[in-house]
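If you want the building blocks of each chain, they are given just below.
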Amino acid sequence: MKNRVLVLLSFLMCIGLYTYAQGYKSGPAEKDYVGYLFTYFKGNDVKDEAICYAISRDGYNYKSLNNNQPVIDSKQISSTGGVRDPHILRSEDGKTFYMVVTDMTSSKGWDSNRAMILLKSYDLVNWTSSIINIQQKYKGQENLKRVWAPQTIYDPDAGKYMIYWSMQHGNGPDIIYYAYANEDFTDLESEPRQLFFPKNGKSCIDGDIINKNGLYYMFYKTEGHGNGIKLAITDNLTSGKWIEQPGYKQQTRDAVEGSSVFKLINSDNYILMYDVYGKGSYQFCESKDLDVFKVIDKRISMNFHPRHGSVIPVTRWEIKALTDKWGVPDGFEMPTDKNPVIAGFYADPEILYSEKNNRYYLYPTSDGFHGWGGYYFKTFSSDNLKDWKDEGVILDLKKDVSWADGNAWAPCIIEKKVGKDKFKYYYYFSGGKEGEPKKIGVAVADDPTGPFRDSGKPLIDFYPNGITGGQQIDPDVFNDPKTGKTYLYWGNGYMAGAELNKDMVSIKKNTIKVMTPDNTFREAVYVFYRKGVYYFLWSEDDTRSPNYKVRYATAKSPLGPLTISSDNIVIMKDDSQGIYGAGHNSVLQIPGTEEWYIVYHRIHKPNGVDMPDGAGGYHREICIDKMEFNEDGSIRQVKPML
């Protein structure tokens, strides 16, 4: 039988795998997750029919938040005074959360409810909500008896969020229906339609769907005829064509309900958990293939007794927000890492302190695209270098630039005061078209977050005299505090510099100078000034290499000549901490202080260095560490921090 299932899955994968277009990316990647959030309710007493939270670092051991008391007041969000069956989902944008719950108190009877509740949050702490009463909203629902256990999944074919739940009408079977949520996740925009058509035509409830490799696995409870958890698989959510798997998936003879499946972080293992409601307990099982499950109850601990809930992975920033609100549970080990500073895959960071807004801004390469194929730039802002706000896309090469549509790499920016309380921002970036050489352009804005307007043509699209190889990429812009002149530096395989004209969108070609320091230079020049000395930093080796590192030289003028010391490594890998590929940096001086920071990328932890074909080199993450100087002005080698 198992061979039949494997053949079936292979067939479905051949006909059903989806190719998703890569769009704008926000929020965390799997590498950013450090724990789990468990949402649940506690029992059939009205006071226990409410949303509760628990957190875990490993997915096996959970501690309740808020002393196992509700985190949302059911009376404030429901029509019945109680809620059950909370299901939570992180949206495709990575930073919005959706929750759906049954609007019901069992004290009024199992056939008493007609509604569900939709909730939305951006921080897991503050939620907005709306009640959807199916009987009142739709015609033909006069004999509706109950609306149970809603859940949400993103349907890529529709580009919408599908909510699915079970309903019973009259003496008919419980049927799993679906409808799409509106864009604001405040209402249903379509009529309920039957999602699942079991061959036996009998009742099924508590559907729970997970997407694995383009196939949808739905675990559901058979109601009134076996009362177990079964599995059906499809490659299209709305096709009505589900392949029902034989047998039951629960690993107990006791009655169960409310199954929920989640994937363990940085693992191929999945957890199937379900409510053994007759015993007031939960059972956890583990599987790699979502077919064969093994009980792992001996590995599980909880200091609470949940009913029908769901689990999602969370980042350290999200755990901090939760514990800031409801306290750190006794015995819970908080994550202590400080790096990376933003979630997701990003590289080549440029940092700016804006005099206009008194905020810090990060301008990275959008990473995580195969072969460095990103095509847009974003920015992030902060007032403390710890909490960063995603300000969104500021320049899309496909939409905003005529001479490039990809390879959006390594930006830099400068703030120029052009009048009283008036500033201009000049943003230099690499880009290109397939089959053409890379070029450097410039876009201009009135605010650090844009909108940025491309100048309309490349600024650097030629080799300096004497250079025949390498690429025109990795610009850096520097304002000389001694003269007020502004310089642009660039190059891969060589390093060049030139003075910019006052318009900031053209260079003085007669000032171009090749300044390649030595054979360690690969790319990513960065220039800053301190106590009469000009510092030139660059990256050595290939960004895919664990040995990618930063070196430096000094000079007495913005165009050299450069002086290179024998001990000139600024930052490099640290095998003992599993930190690799630390390079391509910018530097920040906290205004008015001698506090300095290096902002750089590294190959993402925990397993980026092991990705095949050097893919860790375009799956990178942004870090910030303190940078210090010796009394003679030399830079102390920075120890990269977790």
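The rules we used
Residues numbered from 1 in each chain as written. Predicted model: local features only at pLDDT ≥ 70, side-chain atom pairs only at ≥ 80, totals over all residues. Heavy atoms only, no water. Helix = DSSP H or I, 4+ residues; strand = E, 2+ residues; numbered from the N terminus. Rg over C-alpha atoms; globule rule 2.2 N^0.38 Å. Buried < 20%, exposed > 50% of the residue type's maximum accessible area, 1.4 Å probe, protein only. Contact = heavy atoms within 4.5 Å. Arc of directions from axis to C-beta. Pairing = 2+ DSSP bridges. Axes fitted to C-alpha atoms, helices over the stretch in contact; angles between N-to-C directions. pLDDT = per-residue confidence, 0-100. Polar contact = N/O pair within 3.5 Å; in protein donor to acceptor, adjacent residues only side chain to side chain. Core = buried A, V, L, I, M, F, W, Y, C linked by side-chain atoms within 4.5 Å. Salt bridge = Lys/Arg side-chain N within 4 Å of Asp/Glu carboxyl O.

*Asks:* Please explain the overall build of the protein as it appears in this structure.
*Replies:* Regarding its fold elements, the protein presents five helices and 40 strands. In terms of overall dimensions, the protein is globule-like: its C-alpha atoms have a radius of gyration of 28 Å, near the 26 Å expected for 642 residues. C-alpha atoms of the protein, sized along the principal axes, occupy 90 × 55 × 50 Å. Each of the 642 residues in the protein was classed as buried or not, and the buried ones make up 59%. At a minimum sequence separation of 6, the contacts of the protein that also span at least 24 residues come to 53%.

*Asks:* What am I meant to see in helix α4 (residues 316-326) here?
*Replies:* At 3.6 residues per turn, the α-helix brings residues three or four places apart onto the same side. Listed in full, the buried residues belonging to α4 are R316, E318, I319, L322, T323 and W326. Each buried residue of α4 sits inside an arc of 160° when the element is viewed along its axis, so together they form one side. In this structure, α4 carries D324 and K325 as exposed residues pointing more than 90 degrees from its buried face. Against β1 (33-41), β2 (52-56), β4 (83-90), β5 (97-103) and β21 (307-315) lie the buried residues of α4. Backbone geometry just downstream of α4 places G327 in the positive-phi region, at approximately 90°.

*Asks:* What's the story with the sheet that holds strand β20 (residues 301-302) in this structure? I'm lost.
*Replies:* Strand pairs in the sheet, formed through backbone hydrogen bonds, run parallel or antiparallel to each other. Strand order in the open sheet made by the five strands is β20-β3-β2-β1-β21, with mixed pairing throughout. Strands with a single pairing partner mark the edges of an open sheet, and in this sheet they are β20 and β21. As paired strands, β1 and β21 are joined by seven bridges and run antiparallel to one another. Within the sheet, the bridge partner assigned to L37 lies in β21 and is I312. Taken strand by strand, α4 contacts β1, β2 and β21, and its axis lies near 120° from that of β21.

*Asks:* Just checking my understanding: could you explain the confidence of the model for the protein for this structure?
*Replies:* Summary statistics for the protein give a mean pLDDT of 94 and a share of 97% for residues scoring 70 or more. Low pLDDT, under 50, characterises residues 1-21; the predicted model gives this stretch 31 contacts beyond four residues in sequence or across chains.

*Asks:* Looking at this structure, I do not really get the sheet that holds strand β39 (residues 596-603). What am I missing?
*Replies:* Taking strand neighbours across the sheet as the criterion, the three strands line up as β38-β39-β40 in an open arrangement whose pairing is antiparallel. Each edge of the sheet is formed by a strand with only one pairing partner; in this case those strands are β38 (583-589) and β40 (620-627). Ignoring which end each strand starts from, the neighbouring axes of this sheet average 25° apart. Sheet analysis places β38 next to β39, joined by five bridges and oriented antiparallel. Across the sheet, the residue bridging to G583 is H601, located in β39.

*Asks:* Hey, could you run me through the side chain of S586 in this one?
*Replies:* Locating S586 in the fold gives a position in strand β38. Given a relative accessible area of 0%, S586 falls into the buried group. Within polar-contact distance, the side chain of S586 engages the backbone nitrogen of I351 at 3.3 Å.

*Asks:* Hey, could you run me through the nonpolar core in this one?
*Replies:* For soluble globular proteins, nonpolar side chains are generally found buried alongside one another. Judged by nonpolar contacts, the single largest core of 24 residues is most densely connected at L37, I51, Y53, M99, L124 and W127. Those elements giving two or more residues to this core turn out to be β2, β4, β5, β6 (115-121), β21 and α4. Residues within four places of L37 in sequence aside, it is in contact with Y53, A54, I55, I88, L124, S310, V311, I312, V314 and L322.

*Asks:* Looking at this model, I keep getting lost on unusual backbone geometry. Mind explaining?
*Replies:* Glycine aside, the phi torsion of most residues is negative, and most peptide linkages are trans. For the bond from G450 to P451, the omega torsion is 10°, close enough to zero to count as cis. If you trace the backbone, P451 turns up in the loop between β28 (439-445) and β29 (453-454). Its identity as a non-glycine residue notwithstanding, D613 has a phi of 60°, on the positive side. Within the secondary structure layout, D613 lies in the loop between β39 and β40. In this structure D613 comes out as exposed when scored by relative accessible area, which is 75%.

*Asks:* Quick question: what am I supposed to make of the pattern of salt bridges here?
*Replies:* When charged atoms on two side chains of opposite charge get close, those side chains can pair. Inspection of the entire model under this criterion finds 35 salt bridges. E318 is the salt-bridge partner of R90, the closest N and O atoms lying 2.8 Å from each other. Of this pair, R90 sits in strand β4 while E318 sits in helix α4, placing them 228 residues apart in sequence. Residue classification places R90 among the buried positions, given a relative accessible area of 13%. Beyond isolated ion pairs, a larger network of salt bridges with shared partners links K221, E223, E257, D275 and R307.

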